[in-house]
There are 2 protein chains.
Amino acid sequence: MTKPDKREEIVGAALELIAEHGFHGAPMAMIAERAGVGAGTIYRYFENKDELINQLYREVEKKMVDDLLVGYPMEKTIRERFLHFGTVLLRYFISHPLDFRYLEQFHNSPYGVEYRRDRILGKKEEFDIFRDLFEEGVSSRVMKDLPLVILFALSFGPLLAVARDHILGFITLDDELIARTGEACWDGVKQ
Amino acid sequence: MTKPDKREEIVGAALELIAEHGFHGAPMAMIAERAGVGAGTIYRYFENKDELINQLYREVEKKMVDDLLVGYPMEKTIRERFLHFGTVLLRYFISHPLDFRYLEQFHNSPYGVEYRRDRILGKKEEFDIFRDLFEEGVSSRVMKDLPLVILFALSFGPLLAVARDHILGFITLDDELIARTGEACWDGVKQ
DNA sequence: CAAAAAGGAATGAACGTTCATTCCTTTTAC
DNA sequence: GTAAAAGGAATGAACGTTCATTCCTTTTTG
C-alpha cells in the first residue's frame, strides 16, 4: 500500500465508523483495524484523534461544497438558485449517507458548536455562496426580511431533517418528493 | 436531605452536566459530585447510566408536553393551532435551555434514534396531538399533501434550529421574531 | 423512657474494562 | 546498509459499576 493510500484508508475507516457509531463508538484501534493498518500508524498521519476528526470534517465538507457548486445557475433567479441548492443538497446527502451522518455527528458535538460560532460570528470575508444568496434575497425583497440565521434555519432545518429521516429509513425520498420539499422550503423563506 | 430530594438532585445534576457537555462529558462521578451525593448513591435510584439517561429524557419530555398543552386552542383553526404550537414551543425552549440541550443530545444519539423509530414506525395508538393536527391539516387540504414526516420536518426543523441558535447566542429571539418565525413555518406547510 | 438492636440508605475506595497514545521492534524503500 | 515507515504490544488515565463498611433512623426490649 502506498503512502497516500494508507491515509485514505484511515480517513475512510474513520468516516464509516464514526458515521455509524459516533465518535465514542469508534475507538482508534477499531479505525486502525478497519483501515488495515497498525494502531500506531494513524499517528504518523494525524497528531491525535481530534486532529483526525477535524481534518476529516474539512474534507467531507469541501467535497460536498464542491459538488454543490457544480451547475450552480449563477445567472438565474433567486428562487431558482435556492431550489437548485435544496435539490442538490438533498441529493448529495442521500447518495452520501456516511458523509451526512458524519457531518451531523460533528455539528451536534462540541467540535461543531465551536466551528459554527467561528462561522457565524467570526470573520465574514470567507467565500460563502449561501450567505450571498440570502443577502441578495432579502435586499431585493424576494425573501422575508428576517435575520440571516433564521432564513438559514427555515431552509436547512427541514432539509437536514428530511435527509436524516430518509437515511434512517423513516421515509423514502424520490425525485418528486425532493422537489416538493425544496418548494415548501422556498414557501417558508419567500416574501 | 430527604429521599426524593436526593433523586431530584441527581436528576438535576445530570440534566445540567449532560446538557452542557454531552453524555460523554458527564461521568457518573461528576454527576454525583454536583448532586452532593456519593457515587454509589446514584445506583440506588437508577440501575445504570443508561437508565438515568432514559428516565431523565422521559421527565423532561413530559414536562414540556404538559406545558405545550396548556391553553391549546382546541376549537380554533388549524393555522391558529399550528401557530400556537410554534410559539409555545419556542418560548419553552428559550426559557428552559437546559431541557432543550438535553433533548437535542438525546435525539442526536443512538438513544434518540431508537426512540424515534418506535415513535414513527411503531404503535400509533399513543396520544399524539401533533400527529392529529397534521393529519387534520392534510385531509382538510389546508396543508400541503406531503407525508407527515416531511410536514414535521418543515415545522420542527426550523423551530429547533432557531432555538439552538438563540441558546448558543447566535441570535436573540424576541416576541416579534418568534411570531414571524412561526408564520414562516406555516408558509412552508400550508397549501 | 432509655438503651440496644435491626434495617436499610449512603458512601467512596477499589475493580475491571476501555480507550488514546506511546514506544520499541520489525519491515520496507532506496 | 541505513533511514523512514509501519506495526502492535504496552501504558496509564478515565470510566462505569460494585461492595464492604458506615451512618442514621426506626423498632424492639426491659
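Residues numbered from 1 in each chain as written. Chains lettered and ligands numbered in written order. Predicted model: local features only at pLDDT ≥ 70, side-chain atom pairs only at ≥ 80, totals over all residues. Heavy atoms only, no water.

1. Thoughts on the protein's contact with DNA strand C
In the vicinity of DNA strand C, 15 residues are found, and the nearest of them are Met28(A), Lys49(A), Gly38(B), Thr41(B) and Arg44(B). Considering DNA strand C, the proportion of its atoms within 4 Å of the protein that are sugar or phosphate atoms stands at 68%. At 2.5 Å from a phosphate oxygen of DNA strand C is found a main-chain nitrogen or oxygen belonging to Met28(A). In this structure, a phosphate oxygen belonging to DNA strand C sits 2.4 Å away from a side-chain N or O atom of Arg44(B). Listed by contribution, the elements that provide at least two residues to the surface near DNA strand C are helix H3 (39–45) of chain A together with helix H3 (42–45) of chain B. Grouping the constituent residues of the surface near DNA strand C by class yields seven nonpolar, five polar and three charged. (Near = heavy atom within 4 Å. Polar contact = N/O pair within 3.5 Å; in protein donor to acceptor, adjacent residues only side chain to side chain. Helix = DSSP H or I, 4+ residues; strand = E, 2+ residues; numbered from the N terminus. Nonpolar A, V, L, I, M, F, W, Y, C, P; charged D, E, K, R; others polar.)

2. Notes on the relation of the copies chain B and chain A
Between chain B and chain A, the superposition needs a rotation of 180° and an axial shift of 0.0 Å, giving an RMSD of 0.1 Å. Such a combination of rotation and displacement between the chain copies is what one expects of a two-fold axis. A shared interface surface links the copies, since 100% of the contact residues of chain B are contact residues in chain A too. (Least-squares fit on C-alpha atoms with pLDDT ≥ 70 in both. Contact = heavy atoms within 4.5 Å.)

3. Some points on the domain arrangement of chain A
Frequently, the measure chosen for interface size is the accessible area removed from exposure when the parts meet. Residues and elements named next belong to chain A. With domains assigned, chain A is organised as domain 1 (1–46) and domain 2 (57–189). The C-alpha centroid of domain 2 is placed 28 Å from the C-alpha centroid of domain 1. Summed over both partners, the interface of domain 1 with domain 2 buries about 810 Å², with 69% contributed by carbon and sulfur atoms. The largest contributions to the domain 1 side of the interface with domain 2 come from Leu15, Ala19 and Phe23, which together make up 64% of the buried area. (Domains from an automatic or database assignment. Buried area = accessible area lost by both parts, 1.4 Å probe.)

4. Let's talk about unusual backbone geometry
Residue and element names in this part refer to chain A. Despite not being glycine, Arg141 has its phi angle at roughly 60°, a positive value. Within the secondary structure layout, Arg141 lies in the loop between helix H8 (129–139) and helix H9 (148–167). Overall, the relative accessible area of 66% leaves Arg141 in the exposed class. (Buried < 20%, exposed > 50% of the residue type's maximum accessible area, 1.4 Å probe, protein only.)

5. Some points on the protein's contact with DNA strand D
Taken together, the neighbourhood of DNA strand D is formed by 16 residues, with Gly40(A), Thr41(A), Met28(B), Tyr43(B) and Lys49(B) sitting nearest. Sugar plus phosphate: this is where 71% of the atoms of DNA strand D within 4 Å of the protein reside. In this structure, a phosphate oxygen belonging to DNA strand D sits 2.9 Å away from a side-chain N or O atom of Arg44(A). Listed by contribution, the elements that provide at least two residues to the surface near DNA strand D are helix H1 (3–21) and H3 of chain A. Looking at the surface near DNA strand D element by element, the count peaks at five residues for H3(A). In the surface near DNA strand D, the residues fall into six nonpolar, six polar and four charged.

6. Section: the interface of chain B and chain A
Between chain B and chain A, the residue contacts involve 31 residues of the former and 31 residues of the latter. Interface of chain B and chain A: buried area, both sides summed, is about 2900 Å²; carbon and sulfur atoms make up 69% of it. Together, Asn108(B), Ile150(B) and Phe170(B) form the three largest contributors to the area buried by chain B at its contact with chain A, with a combined 19%. For the pair chain B and chain A, the interface holds four salt bridges. Notably, a salt bridge pairs Asp165(B) with Arg116(A), separated by 2.1 Å at the nearest N-O pair. Linking chain B with chain A are nine residue pairs in polar contact (both at pLDDT 80 or more), by the criterion used here. Secondary structure elements with two or more residues in the side of chain B that touches chain A: helix H7 (110–121), helix H9 (148–167) and helix H10 (175–189) of chain B. In terms of residue class, the side of chain B that touches chain A is made up of 19 nonpolar, five polar and seven charged. (Salt bridge = Lys/Arg side-chain N within 4 Å of Asp/Glu carboxyl O.)

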